[in-house]
Amino acid sequence: MLDEFNLVVATYRQRENDCISELWYFAREIGDTRFDASKTGLPSLVVARTSLDPEFFASKAYEKVLDNPWYFRYILKLTPIHVTVEASLEAITQAALELASKKLGPNETYKVETHIRLSDLTRDEVITAIAGKIQNRVNLDYPDKVILVEVIGDRAGIAVIPPKMVVSVEKTRREARQRQKQQENVEETGDLDLEGF
């Protein structure tokens, strides 16, 4: 597994290698010639390092799915990560608070979301350690930003991002279908209006 990663990617079981190939292909398409990805040893989970801004990478993936809903066959979810640290409570808390001080506006709400794998850390201790030191209001349903902690063994990836930056391919496909229906309705309505003249 990569020690330093800035993308966490979910895929289907037994399809990790296909997911990595798909990531490589997409990375090249958007101009990342120094892309790297590896299996984590966990089923359905891949980590990657892009030389581009990870949020830019995620937003391009989102746009690609909106434009071509079946472009990705193996990537299910793509999460940008800002920093990777040792998976200790102290290192995670410090990194999360530093990021929050830069990326969380004074009036923005937030929630802490954790995914802990192959570690003795608990979700509650990580959330309490971070949330206990942030003054902003918590909003569990519709936060402006998510403080995301992805623990995989002895490494932890941390990000402070708007919720929509976590790209779910299935959700985005549904959004693409809705947009297409709206477009068709607009075109039908436009045709009807023209017939009235």
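The text that follows walks through the structure, step by step, so that each part is easy to find.

Let's shift gears to the overall build of the chain. Within the chain, the regular secondary structure consists of five helices and nine strands. Listing every helix and strand of the chain by position from the N terminus yields β-α-β-β-α-β-β-α-β-α-β-β-β-α. Expressed along its principal axes, the backbone C-alpha trace of the chain runs to roughly 70 × 40 × 25 Å. Out of the 197 residues belonging to the chain, those deemed buried represent 45%. The contacts of the chain with a sequence gap of at least 6 include a subset with a gap of at least 24, amounting to 75%.

With that out of the way, let us pick up the layout of surface pockets. As a volume, the largest pocket reaches approximately 340 Å³. P163, K164, V166, S168 and K171 are the residues nearest the centre of the largest pocket, which is lined by 16 residues in total. Of all the elements in the fold, those that place two or more residues in the lining of the largest pocket are β6 (110-117), β7 (145-152), β9 (167-168) and α5 (169-195). Tallying contributions element by element places α5 first for the lining of the largest pocket, with three residues. Of the residues contributing to the lining of the largest pocket, the split by class is seven nonpolar, two polar and seven charged.

Below, the discussion takes up the environment of K164. Here K164 is to be found in the loop between β8 (155-161) and β9. Here K164 falls in the exposed class, since its relative accessible area comes to 67%.

A few words on the nonpolar core. Core analysis: the biggest nonpolar cluster contains 28 residues, and V9, L23, F35, F57, F72, I75 and L78 have the highest contact counts within it. Mapped onto this core, the elements with two or more residues apiece are β1 (7-10), α1 (16-29), β3 (45-49), α2 (54-67), β7 and β8. No other element matches α1, which puts five residues into this core. F57 has contacts with L7, L23, F26, A27, I30, F35, T50 and L78, leaving out every residue within four places of it along the chain. With 22 residues, the next largest nonpolar core counts L99, L121, I134 and V149 among its residues.

Next up on the list: the packing of helix α3 (residues 89-103) against helix α4 (residues 123-131). Contact geometry of α3 with α4 gives a least axis separation of 9 Å together with a crossing angle of 45 degrees. Taken together, α3 and α4 sit at an angle that is classed as oblique. The crossing of α3 and α4 is right-handed. Facing L89, I92, T93, A96 and L97 of α3, the residues of α4 in contact are E125, V126, A129 and I130. In terms of residue class, the contact of α3 with α4 is built from seven nonpolar, one polar and one charged.

Looking now at α3. The terminal C-alpha atoms of α3, which comprises 15 residues, lie 21 Å apart, in line with the 21 Å expected from a rise of 1.5 Å per residue. Burial in α3 covers these residues: A91, I92, T93, A95, A96, L99 and A100. Structurally, α3 contributes buried residues whose contacts are with β5 (83-86), α4, β7 and β8.

What follows concerns the sheet that holds β5. Taken together, the four strands give an open sheet; going across it, the order is β5-β8-β7-β6, and neighbouring strands pair in mixed fashion. Only two strands of the sheet have a single partner each, and these edge strands are β5 and β6. Direction aside, neighbouring strands of the sheet carry axes that sit 20 degrees apart on average. Judged from the eight bridges that link them, β6 and β7 form a sheet pairing that is parallel. Across the sheet, residue V112 finds its bridge partner in β7, namely I147. Against the sheet, α4 engages β6 and β7, with an angle of about 145 degrees to β6.

Cut-offs used in this document
- Residues numbered from 1 in each chain as written.
- Predicted model: local features only at pLDDT ≥ 70, side-chain atom pairs only at ≥ 80, totals over all residues.
- Heavy atoms only, no water.
- Helix = DSSP H or I, 4+ residues; strand = E, 2+ residues; numbered from the N terminus.
- Buried < 20%, exposed > 50% of the residue type's maximum accessible area, 1.4 Å probe, protein only.
- Contact = heavy atoms within 4.5 Å.
- 1 Å grid on protein atoms, 1.4 Å probe; cavity = no way out; pocket = protein on both sides within 12 Å on 5 of 7 lines; lining within 4 Å.
- Points joined across faces, edges and corners; volume = space filled by probe spheres on them.
- Nonpolar A, V, L, I, M, F, W, Y, C, P; charged D, E, K, R; others polar.
- Core = buried A, V, L, I, M, F, W, Y, C linked by side-chain atoms within 4.5 Å.
- Axes fitted to C-alpha atoms, helices over the stretch in contact; angles between N-to-C directions.
- Parallel < 35°, antiparallel > 145°, perpendicular 65-115°, else oblique.
- Left-handed = near helix turned anticlockwise from the far one by under 90°.
- Expected span 1.5 Å × (residues − 1).
- Pairing = 2+ DSSP bridges.

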